[in-house]
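Chain and residue survey
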2 protein chains.
Amino acid sequence: VRVEPASVKLCDIGNTTFDFYEDGFRTKKSLASYIIEKSQEKIYYICVNERTAKELKNYDNWIDLEPFVDRNKYYDTMGIDRIAACEAVENGVIVDAGSAITVDVVQKGVFQGGYIALGLQASQKAYEEISPRLAYSYNFEIDLDTMPKNSQDAITYAQFGLLCRDVMHRSLPVYLTGGDAHKLKALCKGAEVDETLVFQGMKKIIQKAGLC
Amino acid sequence: VRVEPASVKLCDIGNTTFDFYEDGFRTKKSLASYIIEKSQEKIYYICVNERTAKELKNYDNWIDLEPFVDRNKYYDTMGIDRIAACEAVENGVIVDAGSAITVDVVQKGVFQGGYIALGLQASQKAYEEISPRLAYSYNFEIDLDTMPKNSQDAITYAQFGLLCRDVMHRSLPVYLTGGDAHKLKALCKGAEVDETLVFQGMKKIIQKAGLC
């Protein structure tokens, strides 16, 4: 499943950061402050931010990996970052826990579908807005085999317990990535945390396309 | 499980309404406009609104059912409306789909625990706030045995599909109540919609306590 990237410079561009990866080292730069410069150095990127995507078309050394992906394997509105993570694994459930939590299933290299849950911050805020009585932080130490008997556990179980139970019962390896991967790890016993999954996928796209 | 109420007047008081039930007829009055009057007519009630609860102590004909419930069977912060719904069934999963969606399990008359998910409106708003790309209405016609391959189905599956799969796999009858019960019915095949579950429970509390 795992491909150790050779020395190529990769960049995963989101709506707030340029996330660089090279030789196992990762550097994040804020989208607002980072200045794109012409250079001889090739940077292979994926980008979900439309404005930045347009700007990068002006730089020959920045190489967009999106055209090298077989988009027919996925669905139209699926983000390229989510697709890159799927490209990283042959068999597995990929849980990317960011502002939203995407769950994607890949079997024998084929995308089977996936779902999009609310992230920690967004869901916590939504509970608070329903009622101050539901304003709790989450408890990731709950036992998923027992039904909760207090409010904190009750909201954690609904928002993350059901999700973790689902991903663990699919008889596939589970990969956790994204900013809150470590928190979900407490609930998803046996899952592997891999914060470089998107980069692993990008490397595979480069190899398949024969780009380097 | 079902108890047909004799002619007693019941009232379930929430944070926005007085919800009356008598002889199978239901009448809702807004909390703001309804004027409580002294009368000879007994009204058995439960109330989650603190201010209204205090006010009602001044009226002899309004009889609070909360002291007649064995609260030790439940947990401290659990709402009396949720408890009343649990009292209605001997064996079952109760899904109360309102601003939040509570899921409670009762076996042989004993509360086993439960969880609290976000309601339709709250979760939809939370998705929208993460990204306009996630601003969808839900599709309650999705097939729960297939992983979604479009964004609308992907958010519906995460927010309600996992929940409905969970409640249906507990080998217990499933009762749907609350304002969005009918919407969830499309996903929870075999579930029974019963909008009077709380009142059924109140009637049982009255009978157990020998109040009439």
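Up top is the structure.
Calculation rules
Residues numbered from 1 in each chain as written. Chains lettered and ligands numbered in written order. Predicted model: local features only at pLDDT ≥ 70, side-chain atom pairs only at ≥ 80, totals over all residues. Heavy atoms only, no water. Least-squares fit on C-alpha atoms with pLDDT ≥ 70 in both. Salt bridge = Lys/Arg side-chain N within 4 Å of Asp/Glu carboxyl O. Helix = DSSP H or I, 4+ residues; strand = E, 2+ residues; numbered from the N terminus. Buried < 20%, exposed > 50% of the residue type's maximum accessible area, 1.4 Å probe, protein only. Polar contact = N/O pair within 3.5 Å; in protein donor to acceptor, adjacent residues only side chain to side chain. Contact = heavy atoms within 4.5 Å.

**Focus: the relation of the copies chain A and chain B**
Related by rotation about an axis and a shift along that axis, the two copies of the chain form a pair. Superposition of chain A onto chain B requires a rotation of 180 degrees combined with a translation of 0.0 Å along the rotation axis, giving an RMSD of 0.0 Å. Such values leave the two copies arranged in the relation of a two-fold axis.

**Considering the pattern of salt bridges**
Counted under the stated rule, the structure contains 23 salt bridges over all chains. The closest approach of N and O atoms between Lys125(A) and Glu129(A), which form a salt bridge, is 3.5 Å. Here the residue Lys125(A) and the residue Glu129(A) both occupy positions in helix α3 (residues 120-130), the gap between them amounting to four residues, near one helical turn. Judged by relative accessible area, Lys125(A) falls into the partly exposed class, the value being 39%. Exposure remark for Glu129(A): the relative accessible area of 45% places this residue in the partly exposed category. With a closest N to O distance of 2.7 Å, Asp19(B) and Arg26(B) form a salt bridge. Take Asp19(B): its relative accessible area is 4%, and that puts it in the buried class. One network of salt bridges, in which partners are shared, links Lys125(A), Glu129(A), Lys125(B) and Glu129(B).

**Quick notes on the side chain of Asn49(B)**
Residues and elements named next belong to chain B. Here Asn49 is to be found in the loop between β4 (43-47) and α1 (50-56). Separated by 3.3 Å, the side chain of Asn49 and the backbone nitrogen of Arg51 make a polar contact. Here Thr52 takes part through its side chain, which lies 2.8 Å from a polar atom of the side chain of Asn49. Not counting chain neighbours up to four residues away, the residues in contact with Asn49 comprise Ile13, Gly14, Asn15 and Leu31.

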